[in-house]
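Secondary and tertiary structure notes
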Amino acid sequence: MALFVTTQLNAAQLTDEQQLEIKARQITKKFATELKENLQSAIKTGGLIAGVKVCNSKAPEIAKNYSMAGWEIGRTSLKTRNTANKPTDKENIILENFAKKQLAGQDIASLSYSNYNTKTKQYHFMKAIPTNQICLACHGENIAPELSNEIDKLYPSDQAKGFKLGDLRGAFSLTYKQSE
């Protein structure tokens, strides 16, 4: 008679990095969902210009709301719209690696990076953001002139235009520092 035993991993059986990655993915999903809902609501009620204004004012506020208990979340890109989102040297390397992986045929939506430094107890997670259809109105190649003018007013150093469907738009970037 064969005996089959199944076990489930519980939190105590996961490594610190595995637990942090699970948490980072949860935070990223919640942040992305809330940002998208706010953006879609603004576009529905006030058009694309209202959407750009939400990205300008609401996105940092939403990120701040999820940046707590040792976590800090933001967005970055190789081509930023907001200069405050400029990638660090490390983020730039990771984004370039995501771009190389995309060229090699990997699906952008599946690309992520995770690293836990056991000495400093610091954790870094990045999740690639693909350019979806909704992104193209403000980040694509054919942006309406009135909208483009509004973008230029809000973001005088904008570099985030000219994307095509499926391009690497950027990444969510999360860091965690365990308090002493």
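Rules used throughout
Residues numbered from 1 in each chain as written. Predicted model: local features only at pLDDT ≥ 70, side-chain atom pairs only at ≥ 80, totals over all residues. Heavy atoms only, no water. Pairing = 2+ DSSP bridges. Helix = DSSP H or I, 4+ residues; strand = E, 2+ residues; numbered from the N terminus. Phe/Tyr/Trp six-rings, centres within 6.5 Å; stacked < 30°, edge-to-face > 60°. Buried < 20%, exposed > 50% of the residue type's maximum accessible area, 1.4 Å probe, protein only. 1 Å grid on protein atoms, 1.4 Å probe; cavity = no way out; pocket = protein on both sides within 12 Å on 5 of 7 lines; lining within 4 Å. Points joined across faces, edges and corners; volume = space filled by probe spheres on them. Nonpolar A, V, L, I, M, F, W, Y, C, P; charged D, E, K, R; others polar. Contact = heavy atoms within 4.5 Å. Arc of directions from axis to C-beta. Core = buried A, V, L, I, M, F, W, Y, C linked by side-chain atoms within 4.5 Å. Expected span 1.5 Å × (residues − 1). Bend = angle between axes of the 7 residues up to and from the residue.

Bringing the pairing of strand β2 (residues 112-117) into the picture now. In terms of strand pairing, β2 meets strand β3 (residues 122-130) through six bridges, oriented antiparallel. Within β3, the residue paired with N117 across the bridge is Q122. Between β2 and β3, which pair antiparallel and follow one another directly, the connecting turn spans four residues, one of which, K121, has a positive phi of 60°.

Looking now at the packing of aromatic side chains. Inspection of every chain in the model, using the stated rule, returns four aromatic pairs. Plain terms: the ring middles of F31 and F172 are 5.6 Å apart, the flat faces sit at 85° to each other, and that makes the pair edge-to-face. On the criterion of sequence distance, the pair formed by F31 in helix α1 (residues 16-66) and F172 in strand β4 (residues 168-177) is long-range, its members being 141 residues apart. Both residues of the pair, F31 and F172, count as buried. Arranged with centres 6.1 Å apart and planes meeting at 80°, the rings of W71 and Y123 form a pair that is edge-to-face. With W71 in strand β1 (residues 71-76) and Y123 in strand β3, this residue pair connects regions lying 52 residues apart in the sequence.

Turning our eyes to something else, we now look at the layout of surface pockets. A volume near 1,300 Å³ is recorded for the largest pocket. Around the largest pocket sit 45 residues that line it, and F31, L35, R75, I129 and F172 are the ones nearest its centre. Only α1, β1, β3, α3 (133-139) and β4 provide two or more residues apiece to the lining of the largest pocket. If one sorts the elements of the lining of the largest pocket by residue count, α1 sits on top with 15 residues. For the lining of the largest pocket, the class distribution of residues is 22 nonpolar, 13 polar and 10 charged.

Right, let's get into the environment of G166. Among the structural elements, G166 can be located in the loop between α4 (145-154) and β4. G166 sits 26 residues away from G140 along the chain, and the two C-alpha atoms are 11 Å apart. Residues contacting G166, with those up to four places away along its chain left out, are Q102, I108 and T131.

Let us look at α4. Restricting attention to buried positions, one finds in α4 the residues L147, S148, E150 and I151. The buried side chains of α4 occupy one side of the element, clustering within an arc of 160° when seen end-on. Exposed residues pointing more than 90 degrees away from the buried face of α4 are listed as P145, E146 and K153. If you follow the buried residues of α4, they end up packed against α1 and α3.

This brings us to the nonpolar core. Ranked by size, the top nonpolar core spans 18 residues in total, and within it F31, W71, I73, Y123 and L174 carry the most contacts. Looking at this core, the element that brings in the most residues is α1, giving nine residues. What Y123 contacts, discounting residues up to four positions off in sequence, is E17, L20, E21, A24, W71, S114, N115, Y116, L174, T175 and Y176. In terms of nonpolar packing, the next biggest core, distinct from the first, is built from nine residues, L95, L111, M126 and L168 among them.

Turning our attention to α1. Here α1 is 51 residues long, yet its end C-alpha atoms lie only 20 Å apart, well below the 75 Å a rise of 1.5 Å per residue gives. G46 marks the point of greatest bend in α1, at about 140°.

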